[in-house]
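The primary structure of each chain is shown beneath.
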Amino acid sequence: MNKKILLTLIAVIAALTSMAQGRMDMCINEVMVQNGNCADQNGKCTAWVELFNSSYGTNAIEKMFITTFKQDYIQNYFKDQESKSNKKRNVLLEELRDQNPDKVYEIPRGDVDTKIKPRTHVVFFADGNTTAGTLHMSFTLTPGSENYIALYDVNGDLVDEVIVPASLQAGQSFSRKSEGLPSDMHKDGNHSFDPSQWETRDGSSVEKAITPGKFNVRPVNENIAKFKNEDGTGIWLTIMSMGVVFLALLLLYILFKLFGKAFSGQGKEKKEEETVAEPTAAVAATGSDDNDEAIAALCMALYQHLNAHDEESGVLTFDHSHEAHSAWGSKGNLLLHMPERHDNH
Amino acid sequence: MVLLNIAENLEQFWHFTGFYNVSLSPESLIMLCVGLFFIYLAIKHDFEPMLLVPIGFGILIGNIPFQPGNEIGIYEEGSVLNILYQGVRQGWYPPLIFLGIGAMTDFSALLANPKLMLVGAAAQFGIFGAYMVALAMGFMPDQAGAIAIIGGADGPTAIFLSSKLAPNLMGAIAVSAYSYMALVPVIQPPIMRLLTTKKERLIRMKPARKVSQTEKIIFPIVGLILTCFFVPSGLPLLGMLFFGNLLRESGVTTRLAKTASNAMTDMVTIILGMTVGASTQASEFLTADTVKIFALGFMAFIIATTSGVLFVKIFNLILPKHKKLNPLIGNAGVSAVPMAARISNDQGLKADPSNYLLMHAMGPNVAGVIGSAVAAGVLLGFLG
């Protein structure tokens, strides 16, 4: 019973952990406040917020929250409400959404657009048009002033935030310099805004391209480019790789050398005990009785005691007799045998 | 009017047939001959029949000319062959084969004499030697890495890595790897004889100690943790290999081990061999790159065999007299289980009819399987 409870607990913890990890891989990737050229399905150019799934698995972002309320406000709201009731944070965020639909947008459930494939983007339009579909948020952004946007997960925990500067002009976007969150931010869970990771883009060059729904930086396999340029002969890769292969197998060698010594040492000790025990018993046997039958019985007992007998499987089987079956009752007799090749030597 | 309709229908049917379409792609006839040759080698000369029969027949399947657009071909989305091919394309089959290999392999020979692991490591130089030559021949680093893995003499590993690094070359790489594995008895012995003296071939190795069951159980667990901490990119292969071995050695999952090593491996081998063969369509396969890949694969096998044998000779310089290794087991480091170990044994018996090297050679042989999977992980880590 305890085992079952333990296994269930492990399964639940594993499921929760994986879920939380997945959501944390979402991030805000690019924002445009005064849109001049990226039209939605109705042909309207409104402000937009691009999210990016930086993980290598599909993320369902339904029930996540996008808000323009600052982090301090939300935290204070949580503290205030939690002192009054024991409501969970996602419930509190839902209540906040109901009170301030022009500031909090909850991504609806059940839309295929909310299943974000690995390493892909999704663009939400900040047009306040709640009847236009899942990708249209209930709030708008304000041109010419600072815009704060935050992404909260289904549990009400902050996933990512950005402060779009007031200086952002029409036709400019505020974008991450490279795709997704820096790897160290994934680990420590610190998703607070870091201005050094962001830049203003105006579409004047490839580097400054405005890229809703696409990669901010054209993906290149840096490793291949690096090895092609810096290790044209392949000698360094060879040295490094052989080093790793040797090191891995060398460590295995050392470990199993030690294991071998340890286990053969145990065997030796056992053997010594056995060899010590044997003559004493033999002397005892010969000393007490010279009878041949007694000696034989003692030897047999010792033989069994030292576990020197053959191991039996202990499995009883029946030997089927094929002759008893007729061709009518046995499929094996009806089918042809598989052809086998016999070499003529 | 009716006659005209019949004529039109017959003409339409004619355009649908292989006889008409072969005139549009006559090179498929060459591939059909290659397929027939593989089947001949397998049945007549017993060259890796378990692999060459499915691959050879797959080549026939993949090169029957047809009119595209009917969801028939292996590259046509939605076709049955295409669905089966996804296991190769996405790299699902090789780890399953490794599960079976793990469940079949007895690592006792290696555990009894763990220094043989280093021989398995040394033979992986075949991979990286071929990598350097491939770069010199103008291949990109990722393509060179995918081609070089042929030197590991391990078909599933070659398919796994090429599906990740150079999917367009996978057919040629897989066929090359399996072809040379079948030709190991032809390629290796001359190199082994050339690199060893009569005296070295006569070296008798110390009989292996008995390995306890506990050691055998610990090995897959420690082996997995250690190797995959070094190369997590090798996890699909190494994870399945060691998992299969634990199923075998634990003693409590005999039924699972039997299924993994027999029924499952057989099923995956059939589908893998057939789809790899079918993927070698003439338009993809008959290129100058394929010729280069075959040349590089041959070179990789030679380098791997040479480095394994030479390593044992060098290793002998530091080993005490009673612990010296017979250099004839060096070739077995190229995995190709158990063919390479059998060759060591055959060559040993030729030099001394009472010197059986088979069990000694199984050590580097199974170490080669681990070594080539680690090498694939390293290449994937650097170039993936």
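Residues numbered from 1 in each chain as written. Chains lettered and ligands numbered in written order. Predicted model: local features only at pLDDT ≥ 70, side-chain atom pairs only at ≥ 80, totals over all residues.

A.B. asks: Residues and numbers for the overall build of chain A, please.
C.D. replies: Helices and strands together make up the secondary structure of chain A, namely 8 helices and 11 strands. For chain A, the proportion of its 345 residues judged to be buried stands at 23%. (Helix = DSSP H or I, 4+ residues; strand = E, 2+ residues; numbered from the N terminus. Buried ≥ 20, exposed ≤ 12 C-beta atoms within 10 Å, placed from the backbone.)

A.B. asks: Lay out the overall build of chain B with the relevant residues and their values.
C.D. replies: Counting secondary structure elements, chain B contains 21 helices and 0 strands. In terms of C-alpha radius of gyration, chain B reaches 23 Å, essentially the compact-globule figure of 21 Å for 384 residues. Taken along the three principal axes of its C-alpha coordinates, chain B extends 95 × 45 × 40 Å. Taking all 384 residues of chain B together, the buried fraction comes to 55%. Counting contacts in chain B only where the partners sit at least 6 residues apart, residues at least 24 apart contribute 74% of the total. (Rg over C-alpha atoms; globule rule 2.2 N^0.38 Å. Contact = placed C-beta atoms within 7 Å.)

A.B. asks: Tell me about the sheet that holds strand β11 (residues 198-201) of chain A, and please be specific about residues and values.
C.D. replies: Sheet strands associate in pairs through backbone hydrogen bonding, adopting either a parallel or an antiparallel arrangement. Residue and element names in this part refer to chain A. What the 5 strands build is an open sheet, ordered β7-β2-β1-β10-β11; its pairing is antiparallel. Looking at the sheet topology across the chains shown, the edges are occupied by β7 (121-125) and β11. Here the average twist between neighbouring strands, direction ignored, is 30 degrees. Examined bridge by bridge, strand β1 (residues 26-32) and strand β2 (residues 48-53) share 6 bridges and lie antiparallel to one another. When the bridges of β2 are listed, Ile 28 appears paired with Leu 51. (Pairing = 2+ DSSP bridges. Axes fitted to C-alpha atoms, helices over the stretch in contact; angles between N-to-C directions.)

A.B. asks: Now, about the interface of chain B and chain A: what can you tell me, with residues and values included?
C.D. replies: On the side of chain A, 29 residues touch chain B, which itself brings 38 residues to the contact. Listed by contribution, the elements that provide at least two residues to the side of chain B that touches chain A are α8 (116-122), α9 (125-136), α10 (141-148), α15 (213-230) and α21 (358-383) of chain B.

A.B. asks: Describe the environment of Glu 30 of chain A, naming the residues involved and giving the relevant values.
C.D. replies: Residue and element names in this part refer to chain A. Here Glu 30 shows up in strand β1. Linking Glu 30 and Phe 174, residues 144 residues apart in sequence, is a C-alpha distance of 5.6 Å. Ignoring anything within four residues of it in the chain, the contact list for Glu 30 reads Glu 50, Ser 173, Ser 175, Arg 176, Thr 211, Pro 212 and Asn 216.

A.B. asks: Can you lay out the environment of Gln 124 of chain B for me, pointing to particular residues and giving the numbers?
C.D. replies: Note on placement: Gln 124 of chain B falls in the loop between α8 and α9. Taking the C-alpha atoms as reference points, Gln 124 of chain B and Val 334 of chain B, separated by 210 residues in sequence, lie 6.9 Å from one another. Those residues within four positions of Gln 124 of chain B in sequence are excluded, and the remaining contacts are Met 242 and Val 245 of chain A together with Gly 152, Gly 371, Ser 372 and Ala 375 of chain B.

A.B. asks: Describe helix α6 (residues 93-104) of chain B, naming the residues involved and giving the relevant values.
C.D. replies: All names here are of chain B. Under the 1.5 Å per step criterion, the end-to-end length of α6 is 17 Å for 12 residues, consistent within 8% with the ideal 16 Å. Of all 12 residues in α6, 11 are buried, a share of seventy percent or more. Every buried residue of α6 is accounted for by Tyr 93, Pro 94, Pro 95, Leu 96, Ile 97, Phe 98, Leu 99, Gly 100, Ile 101, Gly 102 and Ala 103. (Expected span 1.5 Å × (residues − 1).)

A.B. asks: Explain the nonpolar core residue by residue, including any values.
C.D. replies: One recurring pattern in soluble globular proteins is that nonpolar side chains are buried together. With 137 residues, the main nonpolar core has Leu 249 of chain A together with Ala 130, Ala 134, Ile 147, Ala 148, Ile 150 and Ile 173 of chain B as its most contacted residues. The leading source of residues in this core is α21 of chain B, at 15 residues. Among residues more than four places away in sequence, those in contact with Ile 173 of chain B are Ala 146, Ile 147, Ile 150, Ala 158, Ser 162 and Ile 293 of chain B. Within the second largest apolar cluster, 41 residues are counted, among which are Leu 51, Leu 96, Ala 126 and Leu 141 of chain A. (Core = buried A, V, L, I, M, F, W, Y, C linked by C-beta atoms within 7 Å.)

A.B. asks: Talk me through the packing of helix α13 (residues 184-195) of chain B against helix α19 (residues 288-318) of chain B; I want residue IDs and the actual numbers.
C.D. replies: Residue and element names in this part refer to chain B. Taken N-terminus to C-terminus, the directions of α13 and α19 make an angle of 35 degrees; their axes are 10 Å apart at the nearest point. Here α13 runs over α19; the crossing is right-handed. Two secondary-structure elements touch here, α13 through Ile 187, Gln 188, Ile 191, Met 192 and Leu 195 and α19 through Phe 301, Ile 302, Thr 305, Thr 306, Val 309 and Leu 310. Tallied by class, residues from the contact of α13 with α19 come to 8 nonpolar, 3 polar and no charged. (Left-handed = near helix turned anticlockwise from the far one by under 90°. Nonpolar A, V, L, I, M, F, W, Y, C, P; charged D, E, K, R; others polar.)

A.B. asks: Summarise the environment of Gly 78 of chain B; cite the residues concerned and give the values.
C.D. replies: Note on placement: Gly 78 of chain B falls in the loop between α4 (49-62) and α5 (80-89). For Gly 78 of chain B, a count of 7 C-beta atoms within 10 Å puts it in the exposed group.

A.B. asks: How would you explain the confidence of the model for chain B if you had to name every residue and give the values?
C.D. replies: Residue-level pLDDT values for chain B average 91, and 99% of them are 70 or greater. Our summary of model confidence lists the complex with pTM equal to 0.73 and ipTM equal to 0.88. (pLDDT = per-residue confidence, 0-100.)

A.B. asks: Now, about the confidence of the model for chain A: what can you tell me, with residues and values included?
C.D. replies: All names here are of chain A. Per-residue confidence for chain A gives a mean pLDDT of 78, with 70% of residues at or over 70. Within the model, pLDDT remains below 50 along residues 16-22, and this stretch shows 3 contacts once partners closer than five positions in the same chain are excluded. Low confidence marks residues 274-289, where pLDDT is under 50. Its contacts with residues over four positions away, or in another chain, come to 8 contacts.

A.B. asks: Outline the sheet that holds strand β4 (residues 65-67) of chain A, supporting the account with residue identities and numerical values.
C.D. replies: Residues and elements named next belong to chain A. Spatial strand order, β5-β4-β8-β9: 4 strands in an open sheet with antiparallel pairing. Looking at which strands have only one partner, the edges of the open sheet turn out to be β5 (104-106) and β9 (158-164). On average, each strand axis in the sheet is tilted by 15 degrees relative to the strand beside it, whichever way the strands run. Strand direction decides the pairing type here: β4 and β5, joined by 3 bridges, are antiparallel. Paired with Thr 67 across the strands is Val 104, a residue of β5. Sheet strands in contact with helix α3 (residues 89-99) are β4, β5 and β8 (147-152), and its direction is about 120 degrees off that of β5.

A.B. asks: So what's going on with α15 of chain B? Residues and values would help.
C.D. replies: All names here are of chain B. If you check α15, its first and last C-alpha atoms are 26 Å apart, about what 18 residues at 1.5 Å a residue would give, namely 26 Å. Of all the bends in α15, the greatest, near 30 degrees, is centred on Phe 219, and the proline Pro 220 appears no more than four residues after it. Buried residues of α15: Glu 215, Phe 219, Pro 220, Gly 223, Thr 227, Cys 228 and Phe 230, and no others. (Bend = angle between axes of the 7 residues up to and from the residue.)

A.B. asks: Describe the pairing of β9 of chain A, and please don't skip the residues or the numbers.
C.D. replies: The two faces of a sheet get side chains in turn, since along a regular strand they alternate between them. Residues and elements named next belong to chain A. Bridging between β8 and β9 involves 6 bridges; their strand directions are antiparallel. Counted as the bridge partner of Asn 147 is Val 164 from β9. Between β8 and β9, which follow one another and run antiparallel, lie 5 residues, and Gly 156 among them has a positive phi close to 85 degrees.

A.B. asks: How would you summarise the packing of α6 of chain B against helix α17 (residues 254-278) of chain B if you had to cite specific residues and measurements?
C.D. replies: To characterise two packed helices, one gives the angle between the axes of the helices and the distance between these axes. Residue and element names in this part refer to chain B. Put simply, α6 and α17 touch, their axes get as near as 8 Å, and they point 145 degrees apart. When the axes of α6 and α17 are compared, the crossing they make is left-handed. Residue-level contacts link Tyr 93, Leu 96, Ile 97, Leu 99, Gly 100, Ala 103 and Met 104 of α6 to Ala 257, Ala 260, Ser 261, Met 264, Thr 265, Val 268, Thr 269, Ile 271 and Leu 272 of α17. Per-class residue counts for the contact of α6 with α17 are 12 nonpolar, 4 polar and no charged.

A.B. asks: Go over unusual backbone geometry, please, and point to the residues and values.
C.D. replies: Residue and element names in this part refer to chain B. The linkage connecting Val 337 with the following residue, Pro 338, adopts the cis geometry, with an omega of -10 degrees. Structurally, the position occupied by Pro 338 is in the loop between α19 and α20 (339-351). Backbone geometry places Glu 48, a non-glycine residue, at a positive phi of 40 degrees. Its place among the elements puts Glu 48 in the loop between α3 (27-45) and α4. Positive phi values are uncommon outside glycine, yet Ser 335 reaches one of about 55 degrees. Secondary-structure assignment places Ser 335 in the loop between α19 and α20.

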